[in-house]
Amino acid sequence: MQTLEPILAQIPLFQGMRPEHLKLIAGCASNARFDAGQFIGRQGEPADKFWIVRQGRVALEIHAPGRGALTIMTVAENEVLGWSWLLAPHQWHFDAYALTATRAIALDGKCLRGKFASDHELGYELMSRFSQLIVQRLEATNLQLLDLYGDHD
Amino acid sequence: MATTTEDAGPPGPAGGDPMRPAPFRVARRVVETHDVFTLWLEPVGGPGGFSSQPGQFDMLYAFGAGEVPVSLSGPPGPVKQVVHTIRAVGPVTQSLQRLKRGDVVGLRGPFGSAWPVSLAEGSDVVLVAGGIGLAPLRPALYHVLSQRERYGRIVLLYGARTPRDILFAREIETWRGRFDADVEVVVDRAAPGWHGLVGVVTTLVPRAHFDPHNAVAFVCGPELMMTFTVRALAHHGVVPARTWVSLERNMKCAVGFCGHCQLGPTFICRDGPVYRWDRVAPLLGVREL
Ligand SMILES: Cc1cc2nc3c(=O)[nH]c(=O)nc-3n(C[C@H](O)[C@H](O)[C@H](O)COP(=O)(O)OP(=O)(O)OC[C@H]3O[C@@H](n4cnc5c(N)ncnc54)[C@H](O)[C@@H]3O)c2cc1C
């Protein structure tokens, strides 16, 4: 059976990773498909996976009382969807649904966490990469809060 | 056609007294969004010569209200009608918003420095616009698309607050339909039904297809947006010395007399509004990238 290792090696999140680590990660990876409009995760539900979008687009949505649903971010090709699998209580913070027909690689969080227990280096490596990703997303959120396109005296 | 060079300096108005507005009639008016509109203006009393370079601005005088600087948003070079896209934010711009076809405004210009489109020849050109900033960049896009063979990749990255704030939506669709330009639009937030990207414009930079080591970037929007965009571009490999911004701080005389728009040793109306980032960043109090 063909493994997903060579594809994972091309994805920015995993670039430059040691081959033995990529092999372990590929052991927890599978292909996934979502139809346009299909929910991938819902706020409060258990989050035991993350995805790398290969083709298509996913929206992250929050529901504000009295204001309805608001899309706050989209995830596009080669980008990562979901980090709650890594951090307790492993629950979705947002709703995520496919805006268009989407192909993705699903990574099983439980499987990965199991591997971290016996390979701390792998755990450290992935944790560092996700921390960077979380910081980037936090920065982007800060900029959204600053209302970049308004007039600032 | 007008040429532009790096530091082209202030080309100045087409002739006559730069302080005296000439009467221009509204030939056409289009509502772009809930607070943005475009005016096509032609000289009262027949065709006069009007030619501008991409990035330059005019002083528009709304009688009884006052005068404001507004960038040209139409095709550069010699034209019969002068095009301006304006966001109504205060007394003068609101008064311009109320103008109808046939009404008259005063116009002085064009003034100021230009996007260095000649210097960008042979390079990839990345235009990054935020909000109303797409209007001053549009002439540069018209220019590079009209001289397509002289440039490498052409990329337009545009960020707006919400889908209803997107300027020139139909034209963006046309640019997107071309096979020789990459156009990405992102909004800060959207209600369900929007199928485009959501996030800040800076997140488009690493996704875009261009060679950062052979690219020239033109950035236009509020100063905060430009600062963060230049940072994202630099992080991606576009050096600040290959990045230009347009500073749209308020001004009065437009010809370097009154000092209203003075920024350190430079007068934005005379030496700007288009500046190379590494030259102007220290004056804006931006720490080194
Ligand atoms: C070189 C240059 C080019 C410009 N090009 C365009 C353009 O193409 N389209 C367009 O809509 N506007 C443009 N502007 C901005 C425009 O000149 C101002 O919006 C206008 O002067 C506001 O006048 P007002 O009387 O309507 O509102 P005011 O009462 O003067 O201002 C209303 C609000 O907007 C803020 N404001 C005013 N001017 C600016 C500014 N320059 N930057 C940020 N905030 C400001 C004020 O602080 C206030 O909060 C440009 C400005 C410059 C200097």
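In this report, the structure presented in the accompanying data block is examined. (Residues numbered from 1 in each chain as written. Chains lettered and ligands numbered in written order. Predicted model: local features only at pLDDT ≥ 70, side-chain atom pairs only at ≥ 80, totals over all residues. Heavy atoms only, no water.)

### Overview of the packing of aromatic side chains
Filter applied, for reference: Pairs were defined over the aromatic rings of Phe, Tyr and Trp, the Trp ring being its six-membered one, requiring ring centres within 6.5 Å. Orientation was assigned from the angle between planes: stacked under 30 degrees, edge-to-face over 60, tilted for the rest. By definition, any uninterrupted DSSP run of H or I lasting at least four residues is a helix, any uninterrupted run of E lasting at least two residues is a strand, and each is numbered from the N terminus. Each residue gets one of three labels from its accessible area relative to the maximum for its type: buried under 20%, exposed over 50%, partly exposed in between, using a 1.4 Å probe on protein chains only. Remark: a charge is flagged as sitting over a ring if the NZ atom of Lys or the CZ atom of Arg is within 6 Å of the ring centre and within 35 degrees of the ring normal.
Inspection of the entire model under this criterion finds 13 aromatic pairs over all chains. Plain terms: the ring middles of Tyr142 of chain B and Trp175 of chain B are 6.5 Å apart, the flat faces sit at 70 degrees to each other, and that makes the pair edge-to-face. Of this pair, Tyr142 of chain B sits in helix H2 (residues 134–146) while Trp175 of chain B sits in helix H3 (residues 169–177), and the two are 33 residues apart along the sequence. What makes Trp175 of chain B buried here is its relative accessible area of 5%. Taken together through their ring pairs, the aromatic side chains of Phe50, Trp85, Phe116 and Phe130 of chain A make up a single cluster. The ring centre of Phe39 of chain A lies 3.6 Å from the NZ or CZ of Arg42 of chain A, which sits over that ring. For the cation-ring pair, Arg138 of chain B lies above Phe168 of chain B, with the distance from its terminal atom to the ring centre recorded as 3.8 Å.

### Description of the pattern of salt bridges
Note the cut-off: Basic side-chain nitrogens of Lys or Arg form a salt bridge, by our definition, when they fall within 4 Å of a carboxyl oxygen of Asp or Glu.
Within this structure, the stated rule accounts for 14 salt bridges over all chains. Across the pair Arg178 of chain B and Asp180 of chain B runs a salt bridge whose closest N-O atoms are separated by 2.8 Å. Across the pair Asp278 of chain B and Arg276 of chain B runs a salt bridge, and its minimum N-O distance is 2.7 Å. Of the residues examined, Asp278 of chain B reaches a relative accessible area of 31% and is grouped as partly exposed. A relative accessible area of 16% places Arg276 of chain B in the buried class. Among the ionic contacts, a cluster of salt bridges with common partners joins Arg18, Glu20 and Glu121 of chain A.

### Side note on H2 of chain B
Residue and element names in this part refer to chain B. Heads up, the condition is: Expected helix span is taken as 1.5 Å per residue step, with the number of steps being one fewer than the number of residues. Whether two residues are in contact is decided by their heavy atoms: any pair within 4.5 Å suffices.
Taking 1.5 Å per residue, 13 residues should reach 18 Å; H2 reaches 18 Å between its end C-alpha atoms and fits that length. Burial of H2 is extensive: 11 of the 13 residues sit out of reach of the surface. Those residues of H2 lying buried are Leu134, Ala135, Pro136, Leu137, Arg138, Pro139, Ala140, Leu141, His143, Val144 and Leu145. Looking at the packing, one finds that the buried side of H2 touches strand E5 (66–71), strand E7 (82–87), strand E9 (124–130), strand E10 (154–160), H3 and strand E13 (215–220).

### Examining the state of the cysteines
Residue and element names in this part refer to chain A. To keep it simple, the criterion reads: The rule for a disulfide is simple: a pair of cysteine sulfur atoms within 2.5 Å.
Using the criterion set out here, one finds 1 disulfide over all chains in the structure. Disulfide partner of Cys28: Cys111, at an S-S distance of 2.0 Å. Its torsion about the S-S bond being -70 degrees, the disulfide of Cys28 and Cys111 is classed as left-handed. Taken together, the positions of Cys28 in the loop between helix H2 (19–26) and strand E1 (29–34) and Cys111 in helix H3 (residues 109–118) put the pair 83 residues apart, joining distant regions of the chain. Among the residues examined, Cys111 registers a relative accessible area of 25% and is labelled partly exposed.

### Focus on the side chain of Ser246 of chain B
Considering the arrangement of structural elements, one finds Ser246 of chain B in strand E14 (residues 243–246). Sequence-distant contacts of Ser246 of chain B, that is, excluding residues within four places in its chain, are made with Trp115, Val219, Cys220, Met226, Pro273 and Val274 of chain B.

### Some thoughts on unusual backbone geometry
Here the amide bond leading from Gly109 of chain B into Pro110 of chain B is cis, since omega sits at 0 degrees, within 30 degrees of zero. Within the secondary structure layout, Pro110 of chain B lies in strand E8 (residues 104–111). With a phi angle near 70 degrees, Asn78 of chain A is a residue other than glycine that sits in the positive phi range. With respect to the helices and strands, the residue Asn78 of chain A is situated in the loop between strand E5 (68–75) and strand E6 (80–81). Look at Phe168 of chain B: it is not a glycine, yet its phi comes out positive at around 50 degrees. Assignment of secondary structure puts Phe168 of chain B in the loop between E10 and H3. For Phe168 of chain B, a relative accessible area of 4% translates into the label buried.

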